[in-house]
Amino acid sequence: MVRTRRPPAVALVLTKVTATVREHDMTAPGDRVLVMVSGGPDSVCLLYSLWHLRRLLRIQLEVFHFDHRLRPDSGADAAYVRRVADRLRLPFHLGVASDEPGHGMSVEMWATSRRWHAANDVRHAVGAATMAEGHTLDDQAETVLMNLIRGTGIEGLAGIEPGGRATTAWIQPLFDVRRHETDAFCRSLHLRPRRDPMNEERRYLRAALRLDVLPAIESATGREVAEPIARPSALLRGELDLLRAQTFDAYERLVVGSAGEETRIDARGLRELPEQVGLRVVRLATYNTLAMGDTATFTNDTMRAVLDLARGRPGRTRDLPMGRVAERDRTHVTIRRRG
């Protein structure tokens, strides 16, 4: 049998994706993988990469597209992704937003939340082990810079996690691939991905970083900076794993409550924790009071306010975002809906 030689740009991406999937144990033989495809170059590269590697990795693929309805022509993106799935003879699933971002809400956060919940529902319905996203090394560099500007802690500076079967349902097979490499991959296969004009709108921080800030840094330093910015996040993720292990252990011991309902935290146990562990326990407990689909950002000041209740006298209360309130009684701090 004559084996067709792959174009160098395609071979490069496939080599990187294979190494990343194996390094992070992203898939196992027989896994069904739900591939998130927006229709842009990165996600189209992701889908075709996994399609080319499906026999090597012994995985089955299904395609998911979410229509956020943020643009009048967004339906054309869905139609394009459906045609691609049909061409590759893969099952196609479509999710459509039933609401829109509220006043003052982060559009990116809203979009991520809606897409995640819709995709996770499909994942459970089809029995997929994981959901694959098309985040690249450039996305990681932008995310780290965004979180640095926003003043986030170690979680933010650790950036996007590559994912793996042992830790999360999300995987990032393009984690070590550059954005210009996904473009070259698509050109080599004569693919014509969709282009989202929102990626060119500088009113969004990510677009401003991509179009203006990173090029300015590279111009000033005379070198590419995406990789140097992104790589240290791997070291931070190691530190973060240790903190998370301590946090989950403390959470199991000190917190009682059901998702979407009030949550009670043992006040004495909370105040005896190292502060960074205590803050993370509070964050988990606070998010536990949100209903499915809620989007909120609880700041570090919010977490410290709850921790302060545990350290103070009974009878005090603190108002929290999203209509929540924290109350201190004799033995516990309770987080619940106000009223």
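Parameters at a glance
Residues numbered from 1 in each chain as written. Predicted model: local features only at pLDDT ≥ 70, side-chain atom pairs only at ≥ 80, totals over all residues. Heavy atoms only, no water. Helix = DSSP H or I, 4+ residues; strand = E, 2+ residues; numbered from the N terminus. Rg over C-alpha atoms; globule rule 2.2 N^0.38 Å. Buried < 20%, exposed > 50% of the residue type's maximum accessible area, 1.4 Å probe, protein only. Contact = heavy atoms within 4.5 Å. Areas by Shrake-Rupley, 256 points an atom, 1.4 Å probe, with all protein chains shown as cover. Lys, Arg positive; Asp, Glu negative; His and termini not counted. Charge placed at Lys NZ, Arg CZ, Asp CG, Glu CD. Pairing = 2+ DSSP bridges. Axes fitted to C-alpha atoms, helices over the stretch in contact; angles between N-to-C directions. Salt bridge = Lys/Arg side-chain N within 4 Å of Asp/Glu carboxyl O. Phe/Tyr/Trp six-rings, centres within 6.5 Å; stacked < 30°, edge-to-face > 60°. Lys NZ or Arg CZ within 6 Å of the ring centre and 35° of its normal.

*Asks:* Honestly, the overall build of the chain in this entry has me stumped. Any pointers?
*Replies:* Secondary structure summary: the chain contains 13 helices and 10 strands in total. Since a compact globule built from 339 residues should have a radius of gyration of about 20 Å, the 22 Å found for the chain is in line with a globular shape. Each of the 339 residues in the chain was classed as buried or not, and the buried ones make up 48%. Taking contacts inside the chain between residues at least 6 apart in sequence as the whole, the part at least 24 apart equals 70%. Roughly 17,600 Å² of accessible area belongs to the chain as shown, and the carbon and sulfur atoms make up 52% of that amount. Placing the 51 positive and 44 negative side-chain charges of the chain at their respective mean positions leaves the two points 3 Å apart.

*Asks:* Can you walk me through the sheet that holds strand β1 (residues 32–36) in this structure?
*Replies:* Remark on secondary structure: sheet strands pair via backbone hydrogen bonds, oriented parallel or antiparallel. Taken in spatial order, the 5 strands line up as β3-β2-β1-β4-β5 in an open sheet, and their pairing is parallel. The open sheet terminates on both sides in strands that have one partner only, identified here as β3 (92–96) and β5 (170–171). The sheet contacts of helix α3 (residues 74–87) involve β2 (60–67) and β3, and relative to β2 the element is tilted by about 170°. Sheet strands in contact with helix α4 (residues 107–126) are β1, β2, β3, β4 (130–132) and β5, and its direction is about 150° off that of β2.

*Asks:* Just to check I follow, could you spell out the pattern of salt bridges for this structure?
*Replies:* Side-chain pairs of opposite charge can arise where the charged atoms are in close proximity. Scanning the entire structure with this criterion turns up 36 salt bridges. The partner of E224 in a salt bridge is R178, and the shortest N-O contact between them spans 3.1 Å. Note that E224 is positioned in the loop between α8 (205–221) and α9 (226–230) and R178 in the loop between β5 and α7 (179–188), a separation of 46 residues in sequence. Overall, the relative accessible area of 49% leaves E224 in the partly exposed class. Here R338 makes a salt bridge to D319, at a shortest N to O gap of 3.4 Å. Pair noted here: R338 is in the segment after β10 (332–337) and D319 is in strand β8 (residues 317–320), with a separation of 19 residues, a long-range link. Take D319: its relative accessible area is 60%, and that puts it in the exposed class. One network of salt bridges, in which partners are shared, links D42, E108, D139, E142, R179, R206 and R210.

*Asks:* Hey, could you run me through the sheet that holds β8 in this one?
*Replies:* Read across the open sheet, the 5 strands follow the order β6-β7-β10-β9-β8; overall the sheet is antiparallel. Each edge of the open sheet is held by one strand with a lone partner, namely β6 (255–257) and β8. On average, each strand axis in the sheet is inclined to that of its neighbour by 15°, with strand direction left out of account. Sheet topology places β8 next to strand β9 (residues 324–328); 4 bridges connect them, and they run antiparallel. Residue pairing for β9: L320 is matched across the bridge by R324. Sheet strands touched by helix α10 (residues 233–254): β6 and β7 (263–266). Its angle to β6, the strand with the most contacts, is close to 60°.

*Asks:* Explain the packing of aromatic side chains here, please?
*Replies:* In this structure the tally under the stated criterion is 2 aromatic pairs. Consider the rings of W116 and W170, whose centres lie 6.3 Å apart with planes at 35°: the pair is tilted. Highlighted residues: W116 in helix α4 and W170 in strand β5, separated in sequence by 54 residues. Judged by relative accessible area, which is 13%, W170 ranks as buried. One residue, R54, lies across the ring of W51, its end atom 4.1 Å from the ring centre.

Without other data, these values stay purely geometric and don't point to any function.
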